[in-house]
Amino acid sequence: MEFSLIDESNYQAEMEGTVLPALARCRQEGWFDPTKAERDAGLEPLTDGGFVVELDSTTQPIAQGTVSSTLADERNGKLHYLAYDAGKFDEIREQGATASFRGCIVISHGFTEFAEKYDELVWYFLLAGYSVCVLEHRGHGKSERNVDNPSMVWIDDWQRYVVDLAAFASSVGQQYAGGMPLNLFCHSMGGGIGAALLERYPSLFDKAVLSAPMIAPQTGMPLWLTRGLVGALCALGMGRQRVFGQKDFDGVLDLSSYQYSSEARERWYHKLRCEHPEYQTYCATFSWVREALRLNRAILQPEACAEIETPLLLFQAGRDVWVLNKPQNTFVQRVKDGGGEAQLVRFAESQHEIFSMPNATYQPYLERILNFYDDPMIASASY
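Just so we're clear, the structure is a prediction, and the values are computed from it rather than from any experiment.

J.: Whenever I open this one, the pairing of strand E1 (residues 27-32) confuses me. Can you help?
T.: Regular strands place side chains that alternate from one sheet face to the opposite one. With six of six residues buried, E1 is to be regarded as a mostly interior element. Every second residue of E1 is oriented toward a common face, with Arg27, Glu29 and Trp31 on one face and Gln28, Gly30 and Phe32 on the other, all of them buried. As paired strands, E1 and strand E3 (residues 79-84) are joined by six bridges and run antiparallel to one another. Each residue of the ladder has a partner; that of Glu29, found in E3, is Leu82.

Shown next as structure tokens:
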């Protein structure tokens, strides 16, 4: 399937003039309560609740520097999500839309990200005929935070991420799939969560794309040393404190960190962060790092990899500075050794967020994703 990408030279105008109005007409905002799923999995819920709340499809922006009391009330232990209905999207009759329903794609986002960062990708998925559901993981976006500093991300147990996503996909995701295939797209931290989910819930998704997944994070030192250090600091009661060297969001965009990325896309993401305080997550707590490393060990257990039944496509970024490439290779090989279907596609010149690269990279990346969802039996390749 082929269609034109957004023109990078006119990016903001196309997003504001075409993409966002169309998304608003087929979007549903909601709150998912993971309490029962967590209890069923042996995890004590961090905050009680008990239901899914659907909201109006339009949302009002919150003034910079504040978090509304309404948002705090809505959270109440729940996780925020955005869902996009392919049927309603087709009624708009956007140019290039397939008008053929193919199922639903659940998106599992990366560390410090938020649902609206994926608006452009959601747009392409809708054009291809898929409904889309994006869950904001605990500690991110409008979801429950469990920590006072809005810049910091905290989690007590990585398994909570997995259970929450599985419960969301098996309820809200399946609803939007409407009996058609339910597929997974995940990036970075969301990819680590997705990999663990595929091991524990092997029949939930029909196909899965892991884009630069956090099979192991890049910590700047050997992982064994990081494990010992953060373990000791958490034992000393510092689990909710900011990792050394990181800082709160300050509104400054340093494009030197994105020299290979699309400047238009990076400026757009930054604009969203500045306009919405709930999108200003920016740094890790020691507890989050501890759990990321525990997740790494669990994912790479050979017996766990052998449990994967879902055909998966893993994209690797050659210029990645946030996650390690070698553990991704190990993961794919162990899935294959266990009898699973796994392909690795390497974009040697890409930075971590392949969907933030210029169109020359984004186009083959997107085409490969859509072709995979349509037909998983595709040979590996490198770019």
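J.: Where do I start with the packing of helix H8 (residues 223-235) against helix H10 (residues 286-299) in this structure?
T.: How two helices pack is summed up by the angle between their axes together with the distance between the axes. Between H8 and H10, the least distance of the axes is 9 Å, while the angle of their chain directions is 135 degrees. For the element pair H8 / H10, the angle class is oblique. Like other packed secondary-structure pairs, H8 and H10 cross with a definite hand, here left-handed. Of the residues in H10, those in contact with Leu223, Thr226, Arg227, Val230, Leu233 and Cys234 of H8 are Phe286, Ser287, Val289, Arg290, Leu293, Asn296 and Arg297. A breakdown of the residues in the contact of H8 with H10 according to their chemical character gives seven nonpolar, three polar and three charged.

J.: I keep staring at the confidence of the model for the protein and nothing clicks. Help me out?
T.: Low pLDDT marks regions whose predicted coordinates should not be analysed in detail. Counting all residues, the mean pLDDT for the protein is 91, and 90% of those residues have values of 70 or more. For the stretch residues 48-67, pLDDT sits under 50, and the model shows 50 contacts to residues farther than four places along the chain or on other chains. Contacts of residues 378-382 to residues separated by more than four positions or lying in other chains number 14 contacts, the stretch itself having pLDDT below 50.

J.: Just checking my understanding: could you explain unusual backbone geometry for this structure?
T.: Backbone geometry follows two general trends: most residues other than glycine have a negative phi, and most peptide bonds adopt the trans configuration. In this model, Asn146 sits at a positive phi of 65 degrees, which is unusual for a non-glycine residue. Examined against the element boundaries, Asn146 turns out to sit in the loop between strand E5 (130-135) and strand E6 (152-153).

J.: Even after reading the chapter, I still don't get H8, so can you show me in this structure?
T.: An α-helical turn contains 3.6 residues, so any two residues separated by three or four positions project in the same direction. With 13 residues, H8 should reach 18 Å at 1.5 Å per residue; the first-to-last C-alpha distance of 18 Å fits that figure. Taken residue by residue, H8 has Leu223, Thr226, Arg227, Val230, Leu233 and Cys234 as its buried positions. Looking down the long axis of H8, one finds its buried residues gathered within 145 degrees of arc, a one-sided arrangement. Those residues of H8 that are exposed and aimed more than 90 degrees away from the buried face are Trp224 and Ala235.

J.: For this particular structure, what's the right way to read the packing of aromatic side chains?
T.: The relation between two aromatic rings is expressed through the spacing of the ring centres and the mutual angle of the planes. Applying the stated criterion across every chain yields a total of 18 aromatic pairs. Plain terms: the ring middles of Tyr118 and Phe355 are 5.1 Å apart, the flat faces sit at 45 degrees to each other, and that makes the pair tilted. In this pair, Tyr118 sits in the loop between strand E4 (103-108) and helix H5 (119-127) while Phe355 sits in the loop between strand E11 (342-347) and helix H13 (359-374), placing the two residues 237 residues apart along the sequence. Like Tyr118, the residue Phe355 is buried in the burial classification. A centroid spacing of 4.9 Å and a plane angle of 70 degrees characterise the contact between Phe315 and Tyr365, whose relative ring orientation is edge-to-face. Pair noted here: Phe315 is in strand E10 (residues 312-317) and Tyr365 is in helix H13, with a separation of 50 residues, a long-range link. Comparing Phe315 with Tyr365, the two get one shared label, buried. Cluster of aromatic residues (ring-pair linked, three or more members): Tyr124, Phe315, Phe347, Tyr362 and Tyr365. The ring of Trp154 carries the charged tip of Arg240 above its face, separated from the ring centre by 3.9 Å.

J.: How should I be thinking about the side chain of Ser356 in this particular structure?
T.: In this fold, Ser356 is placed in the loop between E11 and H13. Accessibility expressed as a relative area gives 0% for Ser356, which makes it buried. Here Tyr269 takes part through its side chain, which lies 3.2 Å from a polar atom of the side chain of Ser356. Here Ser356 is in contact with Ser261, Ser262, Arg265, Glu266 and Tyr269, once residues within four sequence places are set aside.

Parameters and conventions
- Residues numbered from 1 in each chain as written.
- Predicted model: local features only at pLDDT ≥ 70, side-chain atom pairs only at ≥ 80, totals over all residues.
- Heavy atoms only, no water.
- Buried < 20%, exposed > 50% of the residue type's maximum accessible area, 1.4 Å probe, protein only.
- Helix = DSSP H or I, 4+ residues; strand = E, 2+ residues; numbered from the N terminus.
- Pairing = 2+ DSSP bridges.
- Axes fitted to C-alpha atoms, helices over the stretch in contact; angles between N-to-C directions.
- Parallel < 35°, antiparallel > 145°, perpendicular 65-115°, else oblique.
- Left-handed = near helix turned anticlockwise from the far one by under 90°.
- Contact = heavy atoms within 4.5 Å.
- Nonpolar A, V, L, I, M, F, W, Y, C, P; charged D, E, K, R; others polar.
- pLDDT = per-residue confidence, 0-100.
- Expected span 1.5 Å × (residues − 1).
- Arc of directions from axis to C-beta.
- Phe/Tyr/Trp six-rings, centres within 6.5 Å; stacked < 30°, edge-to-face > 60°.
- Lys NZ or Arg CZ within 6 Å of the ring centre and 35° of its normal.
- Polar contact = N/O pair within 3.5 Å; in protein donor to acceptor, adjacent residues only side chain to side chain.

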